[in-house]
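Close look at the chain arrangement
For reference, the chains in residue letters:
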Amino acid sequence: MFDEIVEFIKSLYPGQNPVPLHAPVFLGNEKKYLADCIDSTFVSYVGKYVTQFEEMTAQYTGAKYAIAMVNGTTALQIALQVAGVKPGDEVITQPLTFVATANAISHCGAIPVFVDVDIDTMGLSPQNLKDFLLKNYTIKSDGTYNRLTGKRLASIVPMHTFGFPCRIDDIVDIADAFNVPVVEDSAESLGSCYKNKHTGTFGIAGILSYNGNKTITTGGGGMIITDSEEFAKKAKHLSTTAKVSHSYDYVHDQVGYNYRMPNVNAAIGVAQMEKIEEYLLNKRGTSDIYREYFASKNIDFTSEMKETTANYWLNVIRLKDFNKRNTFLDVANENGVMTRPVWQLMDKLEMYKDCQASNLDNSKWLEERVVNIPSGVRIR
Ligand SMILES: *Cc1c(COP(=O)(O)O)cnc(C)c1O
């Protein structure tokens, strides 16, 4: 039966061998804007495309401010630092995520703490979060502290896995009750909404990624979105070498970073944003085809939850068990269809194996069953 599935997926992406998991498509003004950008000589951080890309992103997500970064990892690092994460602090996130989430926390000098996901959303579980906070943390006048480690909990970072929104409003409510800011890792969920509000706009800030395999790409790139003017100003300042505005002098008022997105990348981003609705509709069409097909094969296909809109960045099937998962991965990858298991859980990786964690049964359950199948825009 797995052979038949492989052939079916190939028929959706004719002429591609192997069929990639998610290849970028450039069907709009990318070359035109790139040529214009080069001709203008403004190829670096300053330029009209950066501003335009930020404005389009703010408009599209409904966030008041958008600040473009060199990639999603640095966007998350800066967002966490502006949210107040300091060396030695703890940051709660989910173990089922791409390594960039935990790395960005580490880049702040902070320590990740892993709390389990919900099986249905694959994102941070509000119930598990609440239980874990009640069991392990005490609210004091100057912050929320881990009773075991004595460390301060500086932020909570839920992730919208594969573009499926997690229960973000419940998570924000719980975080608020513990006086801890939420920074959303919405790197995978551009175009995904929870109750008609774009993911990444529920916490103090959210981040996006435009890596080559994401829904739209700038080659490499990231974005911080926020409704707070103060937050936006600080993020821009910190990522622009903390340079103080002056007509000619070099004044920097803290150790800053060189993390702003170059204009060449933003030129591609503007062209991609012009096509985002078309790409999302195309991807949704693919998910509809998959849903019907896998229903007929009695294979569990993941659909968006009630009151959410998923971007179907990466489509998800769940096989019956670990053996079936591996057999399918072998058959598909050997026969020209790229399929991937979910990431190894963060708490298994060498650098994060000693981090504190809740019971992680749901993440482990998903790890043994989830497979991503080709999901890129189909050109016919
Ligand atoms: C892609 C991604 C990022 C950011 O990745 P970059 O490659 O640095 O843009 C962060 N978190 C998650 C969950 C991601 O999937």
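Position numbers for residues start from 1 in each chain and track the written sequence from start to end. Totals for whole chains, interfaces and linings use all residues, but because this is a predicted model, local features are given only for residues with pLDDT of at least 70 and pairs of side-chain atoms are given and counted only at 80 or more. For the side-chain quantities, the full set of heavy atoms in the structure was used; hydrogens and water were omitted.

**A closer look at the sheet that holds strand 11 (residues 222-226)**
Read across the sheet, four strands follow the order 1-11-10-7 without closing on themselves; strand pairing throughout is mixed. Bordering the open sheet on either side are strand 1 (65-69) and strand 7 (183-185), each of which pairs with just one other strand. Averaged over all adjacent pairs, the angle separating strand axes in this sheet is 20°, with direction ignored. As defined by bridge partners, strand 7 adjoins strand 10 (residues 205-209) across three bridges and the pair is classed as parallel. Directly across from Glu184, in strand 10, lies its bridge partner Gly206. Two strands make a pair as long as DSSP finds a minimum of two bridges between them. Under the DSSP-based scheme used, a helix requires at least four consecutive residues in state H or I and a strand at least two consecutive residues in state E, with every element numbered from the N terminus. The angle between two axes is taken between their N-to-C directions and runs from 0 to 180 degrees, where each axis is a line fitted to C-alpha atoms and a helix contributes only its stretch in contact.

**Notes on the environment of Ile204**
Examined against the element boundaries, Ile204 turns out to sit in the loop between strand 9 (197-198) and strand 10. Each residue is placed in one exposure class: buried if its accessible area under a 1.4 Å probe, protein chains only, is under 20% of its type's maximum, exposed if it is over 50%, and partly exposed if it falls in between. Its relative accessible area of 34% is what places Ile204 among the partly exposed residues. Contacts are assigned to residue pairs with any non-hydrogen atoms lying within 4.5 Å of each other. Those residues in contact with Ile204 that lie beyond four places of it in its chain are Ala83, Pro181, Val182, Val183, Thr226, Ser228 and Phe231.

**Quick word on the packing of helix 2 (residues 30-40) against helix 9 (residues 263-274)**
Between helix 2 and helix 9, whose axes approach to 8 Å, the crossing angle comes to 150°. Looking at the two axes, helix 2 sits roughly antiparallel to helix 9. The handedness of the crossing between helix 2 and helix 9 comes out as right-handed. Residues Glu30, Tyr33, Leu34 and Cys37 of helix 2 form the contact with helix 9, whose participating residues are Asn263, Val264, Ala267, Ile268, Val270, Ala271, Gln272 and Glu274. The residue makeup of the contact of helix 2 with helix 9, split by class, is eight nonpolar, two polar and two charged. Orientation categories follow fixed angle ranges, with anything under 35 degrees roughly parallel, anything over 145 roughly antiparallel, 65 to 115 roughly perpendicular, and all other angles oblique. Left-handed describes a crossing whose near helix is turned anticlockwise from the far helix through less than a right angle; right-handed describes the clockwise counterpart. When residues are sorted by character, Ala, Val, Leu, Ile, Met, Phe, Trp, Tyr, Cys and Pro go into the nonpolar class, Asp, Glu, Lys and Arg into the charged class, and all the rest, Gly among them, into the polar class.

**As for the site of the ligand**
Around the ligand, the structure places 15 residues, and the nearest of them are Gly72, Thr73, Glu188, Ser209 and Lys214. At a separation of 2.5 Å, an oxygen atom of the ligand approaches a polar side-chain atom of Glu188. Within the complex, 92% of the 380 Å² of free accessible area of the ligand lies under protein. Those elements that provide at least two residues to the shell around the ligand are helix 4 (72-82) and helix 5 (99-107). For the shell around the ligand, a count of residues per class yields four nonpolar, eight polar and three charged. Near is defined per residue: the residue qualifies when any heavy atom it owns lies within 4 Å of the molecule or strand. N or O atoms closer than or at 3.5 Å make up a polar contact, with two conditions inside protein: a donor-capable atom paired with an acceptor-capable one, and, for residues adjacent in sequence, both atoms drawn from side chains. Here the open area of atoms and residues is found with the Shrake-Rupley method and a 1.4 Å probe, where only the protein chains shown may cover a residue.

**Brief notes about the packing of aromatic side chains**
Between the rings of Phe, Tyr and Trp (Trp by its six-membered ring), a pair exists once the centres lie within 6.5 Å; its type follows the angle of the planes, with under 30 degrees stacked, over 60 edge-to-face, and the other angles tilted. Scanning the entire structure with this criterion turns up 15 aromatic pairs. With a centroid separation of 5.6 Å and 85° between ring planes, the pair formed by Phe164 and Tyr312 is classed as edge-to-face. You can see Phe164 sitting in the loop between strand 6 (153-157) and helix 7 (168-177) and its partner Tyr312 sitting in the loop between strand 13 (308-309) and strand 14 (315-318), a full 148 residues away along the chain. For the pair formed by Phe164 and Tyr312, the shared burial category is buried. Each residue in the set Phe8, Tyr290, Tyr293, Phe294 and Phe301 is aromatic and connected to the rest through ring pairs, giving one cluster. When the NZ atom of lysine or the CZ atom of arginine is within 6 Å of a ring's centre and also within 35 degrees of its normal, the charge is said to sit over that ring. Between Lys140 and the ring centre of Tyr145, over which it is positioned, the NZ or CZ distance is 5.0 Å. Seen from the ring of Phe202, Lys197 lies directly overhead, with NZ or CZ sitting 5.3 Å from the centre.

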